[in-house]
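So you can see what is in the structure, the chains are spelled out below.
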Amino acid sequence: MNLKLKIWRQKNANDKGAFESYDVSDVSPDMSFLEMLDVLNEDLSRDGKDPVHFDHDCREGICGMCSLYINGKPHGPKDAVTTCQLHMRSFKDGDIIVIEPWRASAFPVHKDLVVDRSSFDRIIQAGGYVNVNTGGVPDANEIAIPKTIADQAMDAAQCIGCGACVAACKNASAMLFTAAKVSQLALLPQGQTERHTRVERMVAQMEEEGFGNCTNTGACSAVCPKEIGQEHIARLNREYIGAKAASDNV
């Protein structure tokens, strides 16, 4: 395939930035999207031009590093896949593909398509942990947990922190991310020790980072590559109300 790419180029966080157009030829439909960008960067480097900077690591849909807004949708046109799992067979010869970074004040652009998502790290540091001694791997089998609860916790724990939920939300809300991290611990017995302080601290940190309020439109779940559902946001709200009620009664 021969494609035209319109890619956001930005030298640094203070640069205004703009779209630049590039032509790529002989793109195999079996290439991943990131492999196609690799080919473009090889051509740019060969011509002595600055390659397009973008985040990536595992390229297996696990690490959450890849974060591209492709043709107006986080991670591109396919559902339940990350950018690195997107293949060029999802496009047609002659297509124009617009590629942007995540757009959110809490995710400032470092360069080109690379954004700073350390705000997510600070939300986790605020309360996404347990203080109890959980023992070794075999010890987990000593605590009986109903399968339905274990499944719900695992569903929440699938969150890879890619930030697609924030990019899709018109308010740039991090509710789905925060809810997933709160939910996976609130459901399990190991997470009960800090249950109330955890949700209060993580929500407070989320607000401090500048993320917006939840729109209740469900756009976050619609683009989540791990298909994390709205029920976790509902659980976060219940946990938060419960924590506030408990602190008021102390």
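Residues numbered from 1 in each chain as written. Predicted model: local features only at pLDDT ≥ 70, side-chain atom pairs only at ≥ 80, totals over all residues. Heavy atoms only, no water.

Student: Report on the nonpolar core, specifying residues and quantitative values.
Tutor: Core analysis: the largest hydrophobic core is formed by 37 residues, its most contacted members being Phe107, Phe120, Val166 and Phe211. Going through the elements one at a time, helix H2 (118-127), helix H4 (164-168), helix H5 (175-186), helix H6 (195-208), helix H7 (219-223) and helix H8 (231-248) are the ones with two or more residues in this core. In terms of residue count, the dominant contributor to this core is H5 (6 residues). The residues that make up this core include at least three from each of domain 1 (3-110) and domain 2 (117-246). Leave out the neighbours within four places in its chain, and Phe107 touches Trp102, Val115, Asp116, Arg117, Ser119, Phe120, Gly163, Val166 and Phe211. If you look at the next biggest cluster of nonpolar residues, it comprises 26 residues, including Cys66, Leu68, Leu86 and Leu113. (Core = buried A, V, L, I, M, F, W, Y, C linked by side-chain atoms within 4.5 Å. Buried < 20%, exposed > 50% of the residue type's maximum accessible area, 1.4 Å probe, protein only. Helix = DSSP H or I, 4+ residues; strand = E, 2+ residues; numbered from the N terminus. Domains from an automatic or database assignment. Contact = heavy atoms within 4.5 Å.)

Student: Break down the packing of H2 against H5 for me, with residues and values.
Tutor: Taken N-terminus to C-terminus, the directions of H2 and H5 make an angle of 30°; their axes are 11 Å apart at the nearest point. Taken as axis vectors, H2 and H5 run roughly parallel relative to one another. Crossing handedness for the pair H2 and H5: right-handed. Of the residues in H5, those in contact with Phe120, Ile123 and Ile124 of H2 are Phe177, Thr178 and Lys181. Grouping the constituent residues of the contact of H2 with H5 by class yields 4 nonpolar, 1 polar and 1 charged. (Axes fitted to C-alpha atoms, helices over the stretch in contact; angles between N-to-C directions. Parallel < 35°, antiparallel > 145°, perpendicular 65-115°, else oblique. Left-handed = near helix turned anticlockwise from the far one by under 90°. Nonpolar A, V, L, I, M, F, W, Y, C, P; charged D, E, K, R; others polar.)

Student: Go over the sheet that holds strand E4 (residues 73-74) with me, naming the residues and quoting the values.
Tutor: Ordered by their spatial adjacency, 5 strands build an open sheet running E2-E1-E5-E3-E4, and the pairing between neighbours is mixed. If you trace the sheet from one side to the other, it starts and ends with strand E2 (18-24) and E4, each paired once. On the sheet, helix H1 (residues 33-46) packs against strand E1 (3-9), E2, strand E3 (69-70) and strand E5 (96-100) and is oriented at approximately 80° with respect to E1. (Pairing = 2+ DSSP bridges.)

Student: Account for the pattern of salt bridges, with residues named and values stated.
Tutor: Here the structure, examined in full by the defined rule, presents 16 salt bridges. The closest approach of N and O atoms between Arg9 and Asp50, which form a salt bridge, is 3.5 Å. One end of the pair, Arg9, is in strand E1; the other, Asp50, is in the loop between H1 and E3, and 41 residues separate them in sequence. For Lys111, the salt bridge is made with Asp50, and the minimal N-O distance between the two is 3.2 Å. Highlighted residues: Lys111 in strand E6 (residues 109-111) and Asp50 in the loop between H1 and E3, separated in sequence by 61 residues. (Salt bridge = Lys/Arg side-chain N within 4 Å of Asp/Glu carboxyl O.)

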